[in-house]
Amino acid sequence: MTDYDAVIIGAGNGGLTAGLTLARAGVKTLMLERHNIPGGCATSFVRGRFEFEVALHQLSGMGTESFPGPLRSMLKDLDMMKDLAFVQMENLYRAVLPGQMDITLKADRAEAIQALKAKFPQETSGIDGFFDLVWAFCNQWIHVVIMKDPEATSEKHPVYFQYALKDTQSVLDEFFKNPLLKSAVGIYWSYMGMPPSRLPFGDFAVIFWAYTEFKPFHIKGGSQALSNALLNAYIQAGGDVHFNCGVKKIIVKDNRVTGIVTDQGDEIATANIVSNAGTYTTYVELIDREHIPEESRRELGARTVGTSAVTIFLGMDAEPEALGIREATNFITETTDNDLAFSTFRTLDPPMAMLFTCYDVDDPEFSPKGACQAAIVSLAYSEPWLSIPTTRYHETKYRYAQDMLNTLYKVFPDVRHHIEEIDVATPLTHMRYLGHPGGAIYGFEQSARDSELFLDGSSPIEGLYHAGAFAGMGGFQPTLMSGQSAARKLIRQLK
Amino acid sequence: MKKKVKQQISGFSEIEQEIRILRKQAPDRSVEKGQVSRIIERLHPRKLNLAVSEIREETASAKTFRLVSGDHYLPPFLAGQYINLFLDVNGIRTSRPYSISSSPGQTAYYDITLRRVKNGFFSNYLMDEVKTGDGFQSTSPAGYFHHNPLFHGKDLVFLAGGSGITPFMSMIREVTDKGMDRRIHLIYGSQQEDDIIFSQELSERASRHVNLSVTHVITAPSSSYAGHTGFITGEVIRSALGNQGLTEKMFYLCGPEAMYGFVLSNLEKLGVPKRRIRIEIFGPPADITAHPGWPEQITKADRFQIRLKNGRVFEAAAGEPLMNSLERNNITLETSCRSGVCSLCRTKLLSGKVFHPAGAQIRKSDRKYGYIHPCMAYPLEDLELLI
């Protein structure tokens, strides 16, 4: 006798889409969330007159009405489009290395090529060659990976098989000479939390191609609007949800899930669980060691938890134009050596690469009239933050944030005169709110060995399914889609 | 993708080899169980168990309670932050936030200082019933009314009224004790001269530290009083600070409800931009029906039915925050600020309508999907809640 057909642990992106998919299929589902609000990373908080976006910078995979991407198709499937409005962002990004480079790429292949050629006229053939390669690769990737061509071979799809696991840096080196050009083209590496030298080209190519073809988007009302809409649809479809209710244990008997115990000590019987708590937390915190096969414990032990971040939330009492902000997405780097920049994320020294996103550029209604908000993000590992005594945490946080602001002021000097609100989130903040080891924001590292090519994401325990960044890739599109896919697997097993 | 397809990818077998070696040497992660929460507990424990170690009379109507840890240790805080105290008052489990008045330079104890108020259900209970040795729970320190070195600058003006001095006292003690490079001008409104909380300590600190000045404003002065009288007007501010650099300073406001509108309009007249003003959050207004936007036809005493998901029904008065009515019926929600801001009590309204006064900070999409903050929500109709 079970209380629910399925229990979902965590109302993050993956938990929400899993819940909605299950509830719509008539599966009696309970969702448990330890916080008071759905979304996980996909959330917002209000400070003064600003509602700050916490995590979403550029939503991938949307595409347009006439050329829908996979995420738009999924949201249509889930009948969510009527509840949401999306704002298309004009640019891929602006890449700035103060004093040395400043270039903006539109979300359009031909225009991006043109902008690069104008800045780097010596390298026109390399630029053409690189774009041709990215598009050829993605074309073959669709056949091999997405359509699962049963006759896929390295002869039929040479670009895919040759380049999928190459490191991104070596491909940039193959086509470009000027380090500034390599930096300008390769800058999306930070969205994957891995420097180009360790980022599989396959992952880089797909993200670059997908943002260009399906365009970057933002959500009206921020990512919380999406989380709230998904939860609302889930409740309407008959799903139950408890907030302020964490799970402390998954009960396993004879290699099968039989229920969960909540933080309050209530036992709920179920034969199926979708864990959006992350595979690390699920196996380390929720399931007793004796139930995990040695092979799975070794698999977990061999994996590397990915990076966290420091985010500065900035509310300003002027509109973007008045502050010299013309692009929504601005990558600011202090070096063309991405390995060096990445190394700074393991220290408390000024980070040498960061992202500045001003939401009001593409959506003037995002903040109150006459104001705008931005997020400054640098990737950061938790280790150095753990070495600070708690009594020095606040001063360290502000000193680190001041270093980031000093870099920002080199590009946007007027911002400093219009600050109305600032809040700072560190790896410890992410650890507090996400519960993930190291405050990881993208799950495990997006290196080749931690990618889905080598791990199938299935659980050794029957009835247990995983959704979210730790189950595959980080970011909004992958985590949203991971929930639906986990729910579908679960439904197939029920039948 | 099938294994035999994957194996054709250049570099695949090398990475497989790398994984085999890593797995052979892999640590057993199960030993890390509990690590994340242990790290977070040091900075943000979910609940603190406190004990009163000392009670000090500050004025005839104000007392300081020194709170020490009952079990664990007290986490660090920023001067200006508050804790929310939980207490059973006449059989009702409820809570109120109080700013910490002691310096963050040490965390052996937190001081809170409060003042007797007319009909102050919780404060007066603390004043009259709580004794040395009593224990209770609180949240860990929270709140945003603190100096932010990223943009507040070094020239600070504290505008305090009555017991609104408490967060400023913490900031003043920190800056003067540590010799920090910040200039503070405190303009402090009190009813009468002998109502001034921390009067002696403030004048002592001001005489010893050139970076602290204090201006008192007395509403109902004795005949012999020679200082500023009345309220904290633009004139008082200008005479205390001079005309120079007013727009560069950071102004902080904390005091009784009535002080906010008055002082804010005066700051505006002095040309102080909104970005240079910090306002401490404050709890439910004394009379919500006087609040702009309150529907005329509904009176304080009107009562509505509150229905919970388990079928329970009880009544709540329109003139009282919903959270108080819930607590009276033994339903305790998570809460920290009780001012509509922290969002911990966020609750879904399934049907009915509530009034949120300005100051309750509700996310845009929360409004759309009917989420309310019961600590600052007043029932205007019968309600159905997802609790």
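The structure under discussion appears in the preceding block.
Residues numbered from 1 in each chain as written. Chains lettered and ligands numbered in written order. Predicted model: local features only at pLDDT ≥ 70, side-chain atom pairs only at ≥ 80, totals over all residues. Heavy atoms only, no water.

Draft legend 1. Spotlight on the overall build of chain B. A tally of regular secondary structure across chain B gives ten helices and 19 strands. For chain B, the C-alpha atoms occupy an extent of roughly 95 × 55 × 50 Å along the three principal directions. Counting the 387 residues in chain B, one finds 53% classified as buried. Sequence-distant contacts, at least 24 apart, represent 68% of the contacts inside chain B between residues at least 6 apart. Total accessible area on chain B is roughly 17400 Å²; 49% of this is exposed by carbon and sulfur atoms. Across chain B, the mean location of the 50 positive side-chain charges is 9 Å away from that of the 40 negative side-chain charges. (Helix = DSSP H or I, 4+ residues; strand = E, 2+ residues; numbered from the N terminus. Buried < 20%, exposed > 50% of the residue type's maximum accessible area, 1.4 Å probe, protein only. Contact = heavy atoms within 4.5 Å. Areas by Shrake-Rupley, 256 points an atom, 1.4 Å probe, with all protein chains shown as cover. Lys, Arg positive; Asp, Glu negative; His and termini not counted. Charge placed at Lys NZ, Arg CZ, Asp CG, Glu CD.)

Draft legend 2. Region of the structure containing the pairing of strand E4 (residues 50-53) of chain A. All names here are of chain A. Side-chain alternation along E4 places Phe50 and Phe52 on one buried face and Glu51 and Glu53 on a second face that is also buried. Bridge analysis of strand E3 (residues 44-47) against E4 gives four bridges, and the strand direction is antiparallel. What sits directly across from Phe45, in E4, is Phe52. In this structure, the hairpin formed by E3 and E4 is closed by a connection of two residues, where Gly48 is found at a positive phi of approximately 55°. (Pairing = 2+ DSSP bridges.)

Draft legend 3. Up close: the packing of aromatic side chains. Residue and element names in this part refer to chain A. Scanning the entire structure with this criterion turns up 46 aromatic pairs over all chains. With a centroid separation of 6.0 Å and an interplanar angle of 90°, the aromatic rings of Tyr188 and Phe331 are classed as edge-to-face. One end of the pair, Tyr188, is in the loop between helix H7 (179-186) and helix H8 (189-192); the other, Phe331, is in strand E15 (residues 329-333), with 143 residues separating them in the sequence. For Tyr188, a relative accessible area of 0% corresponds to the buried category. Since its relative accessible area comes to 2%, Phe331 is described here as buried. Among the aromatic residues, ring-to-ring pairing joins Phe130, Phe131, Trp135, Phe137, Tyr160, Phe161, Tyr163, Phe175, Phe176, Phe201, Phe204 and Phe208 into one connected group. Above the face of the Phe217 ring, Arg72 is positioned so that its terminal group lies 5.8 Å from the ring centre. Above the plane of the ring of Trp135 lies Arg109, whose end atom (NZ or CZ) is 4.7 Å from the centre. (Phe/Tyr/Trp six-rings, centres within 6.5 Å; stacked < 30°, edge-to-face > 60°. Lys NZ or Arg CZ within 6 Å of the ring centre and 35° of its normal.)

Draft legend 4. Structural context of the interface of chain A and chain B. Listed by partner, the interface residues are 75 residues for chain A and 61 residues for chain B. Carbon and sulfur atoms make up 57% of the surface buried where chain A meets chain B, a total of about 6000 Å² over both sides. When the shortest N-O distance is used, the salt bridge between Arg297 of chain A and Asp28 of chain B registers 3.5 Å. On the surface where chain A and chain B come into contact, there are 32 residue pairs in polar contact (both at pLDDT 80 or more). For the side of chain A that touches chain B, the element with the most residues is helix H10 (residues 223-236) of chain A, which contributes seven residues. In the side of chain A that touches chain B, the residues fall into 35 nonpolar, 19 polar and 21 charged. (Buried area = accessible area lost by both parts, 1.4 Å probe. Salt bridge = Lys/Arg side-chain N within 4 Å of Asp/Glu carboxyl O. Polar contact = N/O pair within 3.5 Å; in protein donor to acceptor, adjacent residues only side chain to side chain. Nonpolar A, V, L, I, M, F, W, Y, C, P; charged D, E, K, R; others polar.)

Draft legend 5. The sheet that holds strand E17 (residues 372-380) of chain A, seen in detail. Residues and elements named next belong to chain A. As summarised here, the arrangement of the seven strands in space is E7-E6-E15-E16-E17-E14-E18, forming an open sheet in which the pairing is mixed. Two strands bound the open sheet, and with one partner strand each, they are strand E7 (101-106) and strand E18 (419-425). Each neighbouring strand pair of the sheet contributes to a mean axis angle of 15°, computed without reference to strand direction. Looking at chain direction, strand E6 (residues 91-97) and E15 are connected through three bridges and run parallel. Note that in E15 the partner of Ala95 across the bridge is Phe331. (Axes fitted to C-alpha atoms, helices over the stretch in contact; angles between N-to-C directions.)

Draft legend 6. Examining the sheet that holds strand E7 (residues 155-161) of chain B more closely. Residues and elements named next belong to chain B. Judged by pairing direction, the sheet is parallel, and its six strands sit side by side in the order E10-E9-E8-E7-E11-E12 without closing on themselves. Here the strands that pair on one side only, and so sit at the sheet edges, are strand E10 (228-229) and strand E12 (277-279). Pairing between strand E9 (residues 212-218) and E10: two bridges, direction parallel. The residue bridging Ile218 from the neighbouring strand is Thr229, located in E10. The strands that helix H5 (residues 165-178) touches are E7, strand E8 (183-190), E9 and strand E11 (250-254); relative to E7, the one it contacts most, it runs at about 145°. Along the sheet, helix H8 (residues 257-269) makes contact with E7, E11 and E12, crossing E11 at roughly 165°.

Draft legend 7. The arrangement of a positive patch on the surface in detail. Taken together, Arg34 and Arg432 of chain A together with Arg46 and Lys47 of chain B make up a surface patch of like positive charges. Residue placement: Lys47 of chain B occurs in the loop between helix H3 (35-43) and strand E1 (48-59). (Patch = residues over 30% accessible without salt bridge, like charges linked within 9 Å, V, L, I, M, F, W, Y side chains within 5 Å.)

Draft legend 8. Quick look at the pattern of salt bridges. All chains considered together, the criterion is met by 52 salt bridges over all chains. The shortest N-O distance in the salt bridge between Arg275 of chain B and Asp317 of chain A comes to 2.7 Å. Of this pair, Arg275 of chain B sits in the loop between H8 and E12 while Asp317 of chain A sits in the loop between strand E14 (308-316) and E15, each in a different chain. Accessibility expressed as a relative area gives 19% for Arg275 of chain B, which makes it buried. Glu58 of chain B is the salt-bridge partner of Arg56 of chain B, the closest N and O atoms lying 3.3 Å from each other. Here Arg56 of chain B falls in the partly exposed class, since its relative accessible area comes to 27%.

Draft legend 9. The nonpolar core, seen in detail. Within the largest apolar cluster, 85 residues are counted, with the highest numbers of intra-cluster contacts made by Leu314, Phe356, Leu408 and Val415 of chain A together with Leu159, Phe251 and Leu267 of chain B. Tallying contributions element by element places helix H15 (residues 393-411) of chain A first for this core, with nine residues. There are two domains that each give this core at least three residues, and those are domain 1 (44-138) and domain 2 (155-280) of chain B. Other than its neighbours up to four places away in sequence, Phe251 of chain B contacts Val157, Leu159, Ile237, Leu241, Leu246, Leu267, Val272, Arg276, Ile277 and Arg278 of chain B. (Core = buried A, V, L, I, M, F, W, Y, C linked by side-chain atoms within 4.5 Å. Domains from an automatic or database assignment.)

Draft legend 10. The side chain of Arg72 of chain A, seen in detail. Residues and elements named next belong to chain A. Assignment of secondary structure puts Arg72 in helix H2 (residues 70-77). Under the relative-accessibility criterion, Arg72 is labelled buried at 7%. Setting aside anything within four residues of it in sequence, one finds Arg72 in contact with Gly61, Met62, Gly63, Thr64, Glu65, Met81 and Phe217.

Draft legend 11. Here's a closer look at the environment of Arg276 of chain B. Residue and element names in this part refer to chain B. Inspection of the secondary structure assignment puts Arg276 in the loop between H8 and E12. Here Arg276 falls in the buried class, since its relative accessible area comes to 10%. Sequence separation between Arg276 and Glu248 is 28 residues, and the spatial gap between their C-alpha atoms is 7.4 Å. If near-sequence neighbours (up to four positions away) are discounted, Arg276 is found in contact with Phe151, His152, Gly153, Thr247, Glu248, Lys249, Met250 and Phe251.

This is a description of form; function is not addressed.
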